[in-house]
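Fold and contact review
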Amino acid sequence: MEKTTWKLGLFLMILSTVSETSNSLVEGLESRLSYDYTKYHPMHEIYRWMEDVERGNPELVSSSVYGRTYEGNNITLLKLGLKNPEVKEKKVIWVDCGIHAREWIAPAFCQWFVKEIVHSYKTNKKLEQMLQNLDVYVTPVINVDGYMFTWKNDSTRLWRKSRSSPPPGSSCYGVDLNRNFNANWGTVGISFDGCANTYCGKSAGSEPEAKAVMGFVGKMVNQTLCFLTIHSAGQLILLPYGHPEISAPNYDELVSVGETAAAEMKKVHGMGYTVGTSPQILYPNSGSSRDWTRLIGIPFSYTFELRDKGEFSHLLPEEQIKPACEEAYAGALSIITHVHDKAFNSATLPNAAVSGLSMVILSTIMCVFLTTGVFV
Amino acid sequence: MATGELNPNHYPAQRAAKVVQHYLNTQYGSPFRLFGLHNVQSGNAEDVADSGRKYQLEITVQEIISNTTEKCPAEVLFPRGEQRRSPQVQASCEELLKNTKAQEEALFKQYKMNPSLLSANNIPDSFGHMEPDSRPLWHLGIVASSFVMLNESTENTLYNMAQVANITQLETENEQLKFDCHILLHEMVSQEIIHWKLLFTWSPPEGVKVLQMEQLPHCHEGAKPPNTS
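Criteria and thresholds
Residues numbered from 1 in each chain as written. Chains lettered and ligands numbered in written order. Predicted model: local features only at pLDDT ≥ 70, side-chain atom pairs only at ≥ 80, totals over all residues. Heavy atoms only, no water. UniProt positions renumbered as here; feature names shortened; annotations may be inferred. Helix = DSSP H or I, 4+ residues; strand = E, 2+ residues; numbered from the N terminus. Rg over C-alpha atoms; globule rule 2.2 N^0.38 Å. Buried < 20%, exposed > 50% of the residue type's maximum accessible area, 1.4 Å probe, protein only. Contact = heavy atoms within 4.5 Å. Phe/Tyr/Trp six-rings, centres within 6.5 Å; stacked < 30°, edge-to-face > 60°. Lys NZ or Arg CZ within 6 Å of the ring centre and 35° of its normal. Polar contact = N/O pair within 3.5 Å; in protein donor to acceptor, adjacent residues only side chain to side chain. Core = buried A, V, L, I, M, F, W, Y, C linked by side-chain atoms within 4.5 Å. Pairing = 2+ DSSP bridges. Axes fitted to C-alpha atoms, helices over the stretch in contact; angles between N-to-C directions. Buried area = accessible area lost by both parts, 1.4 Å probe. Salt bridge = Lys/Arg side-chain N within 4 Å of Asp/Glu carboxyl O. Parallel < 35°, antiparallel > 145°, perpendicular 65-115°, else oblique. Left-handed = near helix turned anticlockwise from the far one by under 90°. pLDDT = per-residue confidence, 0-100. Disulfide = S-S within 2.5 Å.

As annotated in an unreviewed UniProt entry, chain A carries the name Carboxypeptidase O and is attributed to Anoplopoma fimbria. Per its UniProt entry, chain A bears the Cofactor (unreviewed entry) comment "Zn(2+)".

Structure follows, in structure tokens:
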């Protein structure tokens, strides 16, 4: 009688755990299903979305707060990766969006990127394999203060910088975070005027948002294969460096991988993306996150400038979110796949299948041995 | 400065080509005809004695509303001198000048017969949206701002119109429609948003003519912290 009660209790406990888990999975699924990736979302919705995605996909997604903005808001990333006991040290891919506040299509893309991976990794063997070898760190919005400011009213929509207090002698807020990184800081394509939109800050890495990225990525430099920073507009794929007289040691490969990505992007909706260094195809600049990343030794570092080419510029219509994100995803995936395959010398069989096969063989041998007492 | 044959994807040719776009819009732009730069095929730059720098370009221009493209040769001269002067442009893109007369006359008549004066703000809005009725006003704003963008362009700038902050129709006694507008330009190299006030007229036979243009100083937020968080 006691034994039966104990088993019944255990059974009921398991049943309630399963139903709780599936409830939260359903909730997570529902909120993800109802989240409209073809609309622009204010920051509080993006924070909520990150929680939902993590809760709904615990085997793939975890979050991390790695810094605070000037106004004290969390700088949060989602880490996408699958557990893999076979791989001793996973390699890293970094994707960030929203360094510049008004470039709304960028955070929209980071959300889309996560959604695509979450929706397809179970049915896409290649993607699943890559997630077993790589951790993909995605920061949907780096410049949270600036992004929130662009949502304040009609007159703030085109704000670009952070929202740090005016420096001494100035009455203007904000630093251009993409001129504040410790990479030839303060040399070209910048202004020392606090009111300018390319104001590079009072010193390299003076801004908490830039410091947060450099601190976090700096700790993972040896494992990081690739750094993608997403902006708009212009339809460009920019490689390091922003200084006209400095070349990356792997310039040729950066160009070739970039051109391949641009070709993949064009296949999606016919949109052309130009590949080159910033001084070639845009303007010289210094202190960018892309440059800092290449300087510390991460081999592949690109700035994506998404749609469009001037018709709407930063006010890209919501109807274009889906096509813009589809082509950007194709481009990002092209680069990620290249760096992954280069690092893991991928054979045609995924790692999981190879190890699975060897387990089957081993267990078959053991079975025969145990049954017959003879090794086959 | 790059001289001789130019890489068509690099910024010197691209910036010069953008000036051609602005020029075409000032000459031929209307609520039903708008030009965009699609591509640069080739370019050449040379210094011209004391005049300035001349760019010779082969570009592909797109007529945005009909979504058609045409290859056009063009020349842009950026003048040198003590006083900054606007670039001089020559371009021929004849095939893109499709017949928009009927549509323009219908719209013109509609506006003329409207009992109240038109007014609209934030075209497009923060989400890139605009009401269908605002679209022709957006096009007019782009054409009018092309006069400013053409005037202000140098080898060190790349202008696009970011938004029509406000456009208001004014009374006229003559055949023209008259508008007052506040536009926001995006200058790519400095990444600045520059505010301009424009007074312009439009009619189908005359096209857009700018009567007055004035750059507005942009008030940066003061050092006082805002009341709302």
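1. Some points on the overall build of chain B
On a plain count of helices and strands, chain B comes out with 3 helices and 10 strands. Traced from its N-terminal end to its C-terminal end, chain B shows the element sequence β-α-β-β-β-β-α-β-α-β-β-β-β. Its C-alpha atoms give chain B a radius of gyration of 19 Å, within 12% of the compact-globule value 17 Å for 229 residues. With respect to the three principal axes, the spread of C-alpha positions in chain B is 55 × 55 × 35 Å. Buried positions account for 49% of the 229 residues belonging to chain B. Restricting to contacts in chain B with at least 6 residues of sequence separation, those with at least 24 account for 56%.

2. Focus: the packing of aromatic side chains
Across all of its chains, the model carries 23 aromatic pairs over all chains by this definition. Ring geometry for Phe109(A) and Phe113(A): centres 5.8 Å apart, planes at 50 degrees, overall tilted. Of the two residues, Phe109(A) and Phe113(A) both sit in helix H3 (residues 105–120), 4 residues apart, roughly one turn of that helix. Residue classification places Phe109(A) among the buried positions, given a relative accessible area of 1%. Here Trp151(A) and Phe127(B) contribute two aromatic rings whose centre-to-centre distance is 5.4 Å and whose plane-to-plane angle is 70 degrees, an arrangement assigned as edge-to-face. Taken together, the residues span two chains, with Trp151(A) in the loop between helix H5 (144–150) and helix H6 (208–219) and Phe127(B) in the loop between strand S6 (119–123) and helix H3 (135–152). Overall, Trp151(A) belongs to the partly exposed group, its relative accessible area being 25%. Judged by its relative accessible area of 25%, Phe127(B) falls in the partly exposed class. Above the face of the Tyr37(A) ring, Lys115(A) is positioned so that its terminal group lies 5.6 Å from the ring centre. Taking NZ or CZ as reference, Arg163(A) lies 4.7 Å from the ring centre of Tyr173(A), over its face.

3. A few points about the side chain of Arg179(A)
All names here are of chain A. Take Arg179: it is sitting in the loop between H5 and H6. A polar atom in the side chain of Arg179 sits 3.0 Å from the backbone oxygen of Gly189. Those residues within four positions of Arg179 in sequence are excluded, and the remaining contacts are Arg160, Trp185, Gly189, Ile190, Thr198, Cys200, Tyr283, Asn285, Ser286 and Gly287.

4. Quick word on helix H4 (residues 125–133) of chain A
Every α-helix carries 3.6 residues per turn, so stepping three or four residues along brings you back to the same face. Buried within H4(A) are the following residues: Leu127(A), Gln129(A), Met130(A), Leu131(A), Gln132(A) and Asn133(A). Capping the start of H4(A), Asn124(A) holds a side-chain oxygen 3.1 Å from the backbone nitrogen of Lys126(A), two or three residues further along.

5. Focus on the environment of Leu34(B)
All names here are of chain B. Inspection of the secondary structure assignment puts Leu34 in the loop between helix H1 (11–28) and strand S2 (35–48). Assessed through its relative accessible area of 3%, Leu34 is described here as buried. Between the C-alpha atoms of Leu34 and Ser66, which are 32 residues apart in sequence, the distance is 9.1 Å.

6. A word on the nonpolar core
With 66 residues, the main nonpolar core has Phe109(A), Phe113(A), Leu228(A) and Tyr302(A) as its most contacted residues. Looking at this core element by element, the count peaks at 10 residues for H3(A). Apart from the residues within four sequence positions on either side, Leu228(A) is in contact with Trp94(A), Val95(A), Asp96(A), Tyr302(A), Phe304(A), Ala332(A), Ile335(A) and Ile336(A). Among the nonpolar cores identified, the runner-up in size contains 33 residues, and Phe108(B), Val164(B), Cys181(B) and Leu185(B) belong to it.

7. Topic: the sheet that holds strand S7 (residues 274–277) of chain A
All names here are of chain A. With respect to topology, 8 strands assemble into an open sheet ordered S1-S2-S4-S3-S5-S8-S6-S7, the strand pairing being mixed. The sheet is open, and its two edges are formed by strand S1 (61–68) and S7, each paired on a single side. The mean inter-strand angle of the sheet, taken between neighbouring strand axes irrespective of direction, is 20 degrees. Here strand S6 (residues 236–239) pairs with strand S8 (residues 300–306) via 3 bridges, running antiparallel. Looking across to S8, one finds that Leu238 is bridged to Thr303. With respect to the sheet, helix H10 (residues 321–344) is in contact with strand S3 (91–97), strand S4 (134–139), strand S5 (224–232) and S8, its orientation differing from that of S8 by roughly 170 degrees.

8. Considerations on the interface of chain A and chain B
Of the residues lining the interface, 38 residues belong to chain A; the matching set on chain B comes to 35 residues. Here chain A and chain B share an interface that buries about 3,000 Å² over both sides, 54% of which is from carbon and sulfur atoms. Here chain A and chain B share 0 salt bridges between them. Across the contact surface, chain A and chain B share 14 residue pairs in polar contact (both at pLDDT 80 or more).

9. Comments concerning the UniProt feature "domain: Peptidase M14" (unreviewed entry) in chain A
UniProt marks residues 39–339 of chain A with the feature "domain: Peptidase M14" (unreviewed entry), using the numbering shown here. The annotated region residues 39–339 of chain A carries 36% helix and 17% strand content, and the separation between its end C-alpha atoms amounts to 31 Å.

10. With respect to the sheet that holds strand S7 (residues 159–170) of chain B
Residues and elements named next belong to chain B. One open sheet accounts for 5 strands, arranged S6-S7-S8-S9-S10; its pairing is antiparallel. Looking at the sheet topology across the chains shown, the edges are occupied by S6 and strand S10 (207–216). Going from strand to strand, the sheet's axes swing by 25 degrees on average, the running direction of each strand aside. As paired strands, strand S8 (residues 177–187) and strand S9 (residues 192–203) are joined by 11 bridges and run antiparallel to one another. Of the residues in S9, the one forming a bridge with Asp180 is Leu199.

11. Looking at the packing of helix H2 (residues 43–56) of chain A against H3(A)
Residue and element names in this part refer to chain A. Orientation of H2 relative to H3, taken along the N-to-C sense of each, is 15 degrees, at an axis distance of 12 Å. In terms of orientation, H2 and H3 fall into the roughly parallel class. Relative to H3, H2 is oriented so that their crossing is left-handed. Along the contact surface, H2 presents Ile46, Trp49 and Val53, while H3 presents Gln111, Val114 and Val118.

12. Thoughts on the pairing of S8(B)
Residue and element names in this part refer to chain B. Of all 11 residues that make up S8, 8 are buried, and the element is covered over most of its length. Two successive antiparallel strands, S7 and S8, enclose a turn made up of 6 residues. Hairpin geometry of S8 and S9 is characterised by an intervening segment of 4 residues between the two adjacent antiparallel strands and by a positive phi of about 60 degrees at Gln191.

13. Describing the confidence of the model for chain A
Any region with low pLDDT has predicted coordinates that should not be read closely. Averaged over every residue, the pLDDT of chain A is 90; residues scoring 70 or more account for 83%. The model gives residues 347–360 of chain A a pLDDT under 50, and that stretch makes 7 contacts with residues more than four places away or in other chains.

14. Remarks on the state of the cysteines
All names here are of chain A. Per the counting criterion, the structure on display carries 3 disulfides over all chains. With a sulfur-sulfur separation of 2.0 Å, Cys97 is cross-linked through a disulfide to Cys110. Measuring handedness by torsion sign, the sulfur bridge of Cys97 and Cys110 sits at about 80 degrees and is right-handed. Taken together, the residues Cys97 in strand S3 and Cys110 in helix H3 connect sequence positions 13 residues apart. On the basis of relative accessible area, Cys97 is assigned to the buried category, the value being 0%. A disulfide bridge connects Cys172 with Cys195, and the sulfur atoms are separated by 1.9 Å. Measuring handedness by torsion sign, the sulfur bridge of Cys172 and Cys195 sits at about 80 degrees and is right-handed. On the criterion of sequence distance, the pair formed by Cys172 in the loop between H5 and H6 and Cys195 in the loop between H5 and H6 is long-range, its members being 23 residues apart. The class of Cys172 is buried, set by a relative accessible area of 2%. With its bonded cysteines labelled in order along the sequence, chain A shows the pairing 1-2, 3-4. Looking at the unpaired Cys226, the closest cysteine sulfur is the one in Cys110, lying at 13 Å.

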